[in-house]
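Descriptive structure summary
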Amino acid sequence: MANVGNQLPTQAVSKPASGKHGNVLPLWGNEKTMNLNPMILTNVLSSPYFKVQLYELKTYHEVVDEIYFKVTHVEPWEKGSRKTAGQTGMCGGVRGVGTGGIVSTAFCLLYKLFTLKLTRKQLMGLITHTDSPYIRALGFMYIRYTQPPKDLIEWYDGFLDDEEELDVKAGGGCVMTIGEMLRSFLTKLEWFSTLFPRIPVPVQKIIDQQIKARPRKVAQKERQEDEAAFSESGRQGERRRSRTPRRTPSPRRSPKRSRSRSHHRERDRHGPSFDRELERERDRQRKERDGKDRDRDRGDRERQWSRSTDRNQDRRERRRSRSGSRDRRSERKDKERDGGDDRSRRKDRDHHKDRGVERERSRDKKSRGETDDRRHKDDRDRHREDRKAKRSSRSRSRERRHKTGGEEKSRKRERSHSRERDRERDGEQRSHKRSCSKERSQHQRESSNDQSKHSDRRRSQSTE
């Protein structure tokens, strides 16, 4: 027995008598579900593409042509039809047992191949097909789902270094070679959002050892790309070296020497008049500095004086504001006292008004309550009268029914008596008729006896 993860319980099917090299392929696992995920299988069986279009395909070559024209990836679901973003761990969408989506044409055609019950020759034709890598991919996937785990490495052995590329993801973006895809089939249980049938642990260990012992060949394209990149990097380095010419080291000059030499040269050119002008300008600059210092001192003094005056004014204003605030506070207190009296008076007035309003409301409530009580009483009386009238009408109807019933009973009795009388009369008449008929029959018998006697006598007399 072999169990496929999150799938229906499978049944181990024995190989046919023809053996491994026969044309009939053995089936490992469940013969009905092909060891597919139940959600994928239900979506395949319910898809209109499988029920309508693939139902018309009856031969192996027609299915291969359909794969060539329709299959563009090997993922179980179409792009955007199944949202599993943000789901991790044991979520149903991650394990492939959620609500599902739109199943891909690749898996519909894969199950169609399973319904055709491929032979070994047909399966070899799939995995060695030269027209499309997706035909080969579906053939290898058919092997992974239906063949015994012990035979997988023998099926995939000659194709683990195959360099033909294909994009296995829906919508593109995951290009890999046939060899890389087969290695993932053998070493990983997951394939996008579904699971392959589980491989037993000892068989998996043997497969891992064989894959590790077999060195992975580097593809020719990768070698060519590496050589091209290396040659391009060498050429770029040579170009950079040719573009940058070599420079001879120049002696460094000190800036002090150049400045001093220029200063002496200017002195030699202009003479003593130049020195005088320099001194005059220096004096002017000193005077200007002194004037600026004096102005600064004056400005500082004025600022201090203005600050002091401003401070005095601020103090006066504060005092005035304090006195004004005190006066206002006193006025407020007086007003509050007067207002307190007014407020107390207003409160008393409002209290009296509220009392009057409450009294009026209580009176209104009382009057309303009295009117309501009266209405309730009237309603009760009406209900009582109605009940009495109903009871009296019921009693009258009962009496009428009793009277009519008595009359009917008396009529029935009279009818029964009349019927009994008629029956008695009929019985008397019948008995009278019977008695009359009996008497007649007796008279007839007697008369017939007398006649017979007379006839006998006559006969006897005649004989004598």
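Residues numbered from 1 in each chain as written. Predicted model: local features only at pLDDT ≥ 70, side-chain atom pairs only at ≥ 80, totals over all residues. Heavy atoms only, no water.

**Concerning the packing of aromatic side chains**
Cut-off, in case you're wondering: Classification of ring pairs rests on two measures: the distance between centres of Phe, Tyr or Trp rings, Trp counted by its six-membered ring, which must be within 6.5 Å, and the angle between planes, read as stacked under 30 degrees, edge-to-face over 60 and tilted in between. In this text, helices come from DSSP runs of H or I with a minimum length of four residues, and strands from runs of E with a minimum of two, each type numbered from the N-terminal end. Accessibility here uses a 1.4 Å probe with only protein chains present; expressed as a share of the type maximum, an area under 20% marks a residue as buried, one over 50% as exposed, and anything in between as partly exposed.
This structure, assessed with the given rule, holds 11 aromatic pairs. Relative to Y145, the ring of F107 lies with its centre 6.5 Å away and its plane at 80 degrees, an arrangement referred to as edge-to-face. Here F107 is found in helix α5 (residues 105-116), whereas its partner Y145 is found in helix α7 (residues 133-146), with 38 residues between them in sequence. For F107, a relative accessible area of 1% gives the class buried. For Y145, a relative accessible area of 0% translates into the label buried. Ring plane angle 65 degrees and centroid distance 5.3 Å describe the contact between Y145 and F196, whose orientation is recorded as edge-to-face. Of this pair, Y145 sits in helix α7 while F196 sits in the loop between β4 (194-195) and α10 (201-213), placing them 51 residues apart in sequence. In this structure F196 comes out as buried when scored by relative accessible area, which is 0%.

**Thoughts on the confidence of the model for the chain**
Quick reminder of the rule: Residue-level confidence of the predictor is summarised by pLDDT, bounded by 0 at the bottom and 100 at the top. What makes two residues a contact is simply this: any of their non-hydrogen atoms within 4.5 Å.
On average, residues of the chain score 78 in pLDDT, and 77% of them reach the 70 mark or higher. Within the chain, helix α12 (residues 255-270) has the poorest average pLDDT of any element, 44, and α7 the best, 96. For residues 1-20, every residue scores under 50 in pLDDT, and the model assigns this stretch 44 contacts once sequence neighbours within four places are set aside. This model gives residues 241-270 a pLDDT under 50, and the stretch forms 0 contacts once residues within four places in sequence are excluded.

**Concerning the packing of α7 against helix α9 (residues 178-187)**
Let me state the cut-off plainly: An axis is simply a line fitted to the C-alpha atoms; with a helix, the fit covers only the stretch in contact. Between two such axes, the angle follows the N-to-C directions and lies from 0 to 180 degrees. What sets the label is the angle itself: under 35 degrees gives roughly parallel, over 145 gives roughly antiparallel, 65 to 115 gives roughly perpendicular, and the rest give oblique. By convention the crossing between two helices is left-handed if the near helix lies anticlockwise of the far one by an angle smaller than a right angle, and right-handed if it lies clockwise. Each residue is assigned to one class: nonpolar for Ala, Val, Leu, Ile, Met, Phe, Trp, Tyr, Cys and Pro, charged for Asp, Glu, Lys and Arg, and polar for all the others, Gly among them.
With their axes 11 Å apart at the nearest point, α7 and α9 run at an angle of 15 degrees to one another. With respect to α9, the axis of α7 lies roughly parallel. α7 and α9 meet at a crossing whose hand is right-handed. Where α7 abuts α9, its residues P133, R136, A137, F140, M141 and R144 lie against I178, M181, L182 and F185. Here the contact of α7 with α9 is composed, by residue class, of 8 nonpolar, no polar and 2 charged.

**Regarding the side chain of T177**
Rule in force here: In protein, a polar contact requires one atom able to donate a hydrogen and another able to accept it; more generally it is a pair of N or O atoms within 3.5 Å, and residues adjacent in sequence count only if both atoms are side-chain atoms.
Relative to the helices and strands, T177 is located in strand β2 (residues 175-177). Exposure remark for T177: the relative accessible area of 16% places this residue in the buried category. A polar atom in the side chain of T177 sits 3.2 Å from the backbone nitrogen of E180. Beyond its immediate stretch of four places on either side in the chain, T177 contacts D162, E163, E164, E165 and L166.

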